[in-house]
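Geometric and topological summary
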Amino acid sequence: MSLRHFVRYTALGRIALIPFRLGWALTHCWRQATGIVKWAFRSKEYYNYTYHLTELNLAYLVSYIAVVSGHEVAEVEKYVRELETDKALRSLLRERTRSSRDRHNSDVEPLYGRRLGWYALVRATKPRVVVETGVDRGLGTAVLAAAVMRNEQEGFAGLVYATDITPDCGHLLAEPYKTYCQIILGDSVQTLKKFQEPVDIFIHDSDHRPEYEWAEFAAVEPNLHPGSLVLSDNSQQSSKLLEFAQRIGKSFLYFQDQPKDHWWPGDGIGAAFRPGVPTFFPEQTATTRRR
């Protein structure tokens, strides 16, 4: 009997491989542990982790946004590069982080991760109304507002409505981006029930309990129109957006992000959308719809 046959086709051979299999697995665990130790001393974050995406994962994100929006990959890539090279926004976010009372729990360098996808989606589709639930420090909100600001400079007015229950949320948001965002304090479900505007893009990123996520979808549903895009920052652990997409007759697609040089396994973006239809919200003048 050959060694190959012994290892592959006998119970004793399988047992003999256990030390080698354990060693291989533990090598990967050791790499992970080493990365965690380095992160513990280099980063100050203890929740809502920020990170770069791997190069391959970023390419997947671009393709994902192109499919969801119905726009060309080259256009989405252009918008991703636009945010990555936006020195004014990056400088402001650094300054706001350094001057914040939360500076001891936040990393100074803004790492956008999957929020690059949020930005590109807003830039490509030119929405009039974007609603985001959950602001926290305001990194995602600032990114959305920056996209809306760029759209208005091109003649497409819009506004971001962001909800949160914490009075001092959104400390990263400042002018000129703050002009393009209205933060509404209070329970997001109750806020959505009272909301009067048609919603072009809705992003769930607040209380991630499945029942609360569903309550937000149900509350915003009357404000959706056939072209509305609904996103969830919770779809890696909840099927509620998939269920909601089926309920309202839309397709569902999920993107899983892959952090670069970070121990966190990543989060993702779920999207309910109409496939094969380029999403481009009605053209407007440069007059903003601020309250």
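These notes cover the structure that comes with them. Everything quoted here is computed from the prediction, not taken from an experiment. (Residues numbered from 1 in each chain as written. Predicted model: local features only at pLDDT ≥ 70, side-chain atom pairs only at ≥ 80, totals over all residues. Heavy atoms only, no water.)

Quick notes on the nonpolar core
Basically, it comes down to this: Among the buried residues, those of types Ala, Val, Leu, Ile, Met, Phe, Trp, Tyr and Cys that are joined through side-chain atoms within 4.5 Å form a nonpolar core. Throughout, exposure labels follow a simple rule: accessible area from a 1.4 Å probe, protein chains only, divided by the maximum for the residue type, with under 20% read as buried, over 50% as exposed, and the rest as partly exposed. Note on conventions: DSSP H or I runs of at least 4 residues are helices, E runs of at least 2 residues are strands, and numbering of each starts at the N terminus. Two residues form a contact once any of their heavy atoms are found within 4.5 Å.
Ranked by size, the top nonpolar core spans 55 residues in total, and within it Leu61, Tyr64, Tyr112, Tyr177, Ile201 and Leu231 carry the most contacts. With nine residues, the top contributor of residues to this core is helix H8 (residues 139–153). If sequence neighbours within four positions are ignored, Tyr177 has contacts with Asp86, Ala88, Leu89, Leu92, Ala145, Ala146 and Met149. Membership of the second largest hydrophobic core comes to 20 residues, among which are Val199, Tyr212, Val220 and Val230.

Some details on the environment of Ala16
Checked against the element boundaries, Ala16 lands in helix H2 (residues 11–16). The class of Ala16 is partly exposed, set by a relative accessible area of 40%. In this structure the C-alpha to C-alpha distance between Ala16 and Gly117, which are 101 residues apart in sequence, comes to 48 Å.

Here we look at the state of the cysteines
Defined as follows: When two cysteine sulfur atoms are found within 2.5 Å, that pair is recorded as a disulfide.
Taken as a whole, this structure holds zero disulfides when the rule is applied. Considering cysteine sulfurs only, Cys169 is the nearest to Cys181, which forms no disulfide, with 9.0 Å between them.

A closer look at the packing of aromatic side chains
Short version of the rule: Whether two aromatic rings pair depends on their centres lying within 6.5 Å, for rings of Phe, Tyr and Trp, where Trp uses its six-membered ring; planes under 30 degrees apart make the pair stacked, over 60 edge-to-face, and the rest tilted.
Counted by the stated rule, this structure contains 12 aromatic pairs. Each ring, one from Tyr49 and one from Trp263, has its centre 5.2 Å from the other, and the planes form 65°; the classification is edge-to-face. Taken together, the residues Tyr49 in the loop between helix H3 (18–42) and helix H4 (55–69) and Trp263 in the loop between strand E6 (251–256) and strand E7 (268–273) connect sequence positions 214 residues apart. Ring centres of Phe217 and Phe244 lie 5.2 Å apart, and the angle between their planes is 20°; this geometry places the pair in the stacked category. Highlighted residues: Phe217 in helix H10 (residues 210–220) and Phe244 in helix H11 (residues 240–248), separated in sequence by 27 residues.

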